[in-house]
Amino acid sequence: MTEHEISKAVVKRLPRYYRYLGDLLNAKVERISSNELSDLMNVTASQIRQDLNNFGGFGQQGYGYNVKYLYNEIGKILGLDKTYNMVIIGGGHLGQALANYVKFEKRGFSIKGIFDINPDLDGTIVRGIPIRMTDELPSFLKENEIQIAALTLPKSGAEVVAPVLVENGVKAIWNFAHTDLHVPDDVVVENVHLSESLMQLSYDLNHRKT
């Protein structure tokens, strides 16, 4: 099966596999069967096997999966064997919280800069990174070869800054703003709409089986 035929549902489960396998590695577990992984993740063993077969399978009959090998292979599929230069646009509470999340560097995401329009934040240091004003953004993007931008600013600001990112070579946008961005097809956008997630939680709460 070629990569473009793999469903988004399968791809969205890969980070969860990666997380659980990482926990197993930390617990010094060397191998695991699809049934054992199923019990941990509350995903059927059949689904796990189907998902992993999209990328070659990785398991051995009668043995199961080598945890370290599978962890590393899923990391490669997710692109975590590379390093990405990243900026955060929006230096408020959410932007600073993202900048303070130390696991980004461990996963290969190197935060190079934080930007905001509020002059009161100019020069504020967050984990050793000074907050800069957005008028410095275009030159910074080019000079630092930024691949990813996280948008943690209001809707109006995101719509203004998105074209600037695209024009200056950014190919992936992690969008926390409450708007759907319109960008060229070669730019990837991952939307994280917190209010929509909370509304989904509300739905599940009100329609749960009792």
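Residues numbered from 1 in each chain as written. Predicted model: local features only at pLDDT ≥ 70, side-chain atom pairs only at ≥ 80, totals over all residues. Heavy atoms only, no water.

**Student:** When you look at the packing of helix 1 (residues 8-26) against helix 3 (residues 45-53) in this model, what are you seeing that I'm missing?
**Tutor:** Contact geometry for helix 1 and helix 3: axes closest at 11 Å, N-to-C directions at 105°. By the criterion of interaxial angle, the relationship of helix 1 to helix 3 is roughly perpendicular. Here helix 1 contributes Val-10, Arg-13 and Tyr-17 to the contact with helix 3, which in turn contributes Gln-47, Ile-48 and Asp-51. (Axes fitted to C-alpha atoms, helices over the stretch in contact; angles between N-to-C directions. Helix = DSSP H or I, 4+ residues; strand = E, 2+ residues; numbered from the N terminus. Parallel < 35°, antiparallel > 145°, perpendicular 65-115°, else oblique. Contact = heavy atoms within 4.5 Å.)

**Student:** How should I be thinking about the pattern of salt bridges in this particular structure?
**Tutor:** Pairing is possible between side chains that carry opposite charge, provided their charged atoms lie close to one another. Applying the stated criterion to the full structure yields 6 salt bridges. Residue Asp-186 is joined to Lys-171 by a salt bridge in which the shortest nitrogen-to-oxygen separation is 2.7 Å. One end of the pair, Asp-186, is in the loop between strand 8 (172-175) and strand 9 (188-191); the other, Lys-171, is in the loop between helix 8 (155-167) and strand 8, with 15 residues separating them in the sequence. Using a relative accessible area of 46% as the deciding quantity, one classes Asp-186 as partly exposed. On the basis of relative accessible area, Lys-171 is assigned to the partly exposed category, the value being 41%. (Salt bridge = Lys/Arg side-chain N within 4 Å of Asp/Glu carboxyl O. Buried < 20%, exposed > 50% of the residue type's maximum accessible area, 1.4 Å probe, protein only.)

**Student:** Help me understand the side chain of Ser-38 in this model?
**Tutor:** Secondary-structure assignment places Ser-38 in helix 2 (residues 34-41). For Ser-38, the contacting residues outside a window of four places in its chain are Val-43, Thr-44, Ala-45 and Ile-48.

**Student:** Quick question: what am I supposed to make of the side chain of Asp-116 here?
**Tutor:** You can see Asp-116 is positioned in strand 4 (residues 109-116). There is no salt bridge for the buried Asp-116, and the closest opposite charge comes from Arg-132, which lies 13 Å off by N-O distance. There is a polar contact of 2.8 Å between the side chain of Asp-116 and the backbone nitrogen of Asn-118. Each residue touching Asp-116, except ones within four places of it in the same chain, is listed here: Gly-90, Gly-91, Gly-92, Leu-121, Ile-131, Arg-132, Met-133 and Thr-134. (Lys, Arg positive; Asp, Glu negative; His and termini not counted. Polar contact = N/O pair within 3.5 Å; in protein donor to acceptor, adjacent residues only side chain to side chain.)

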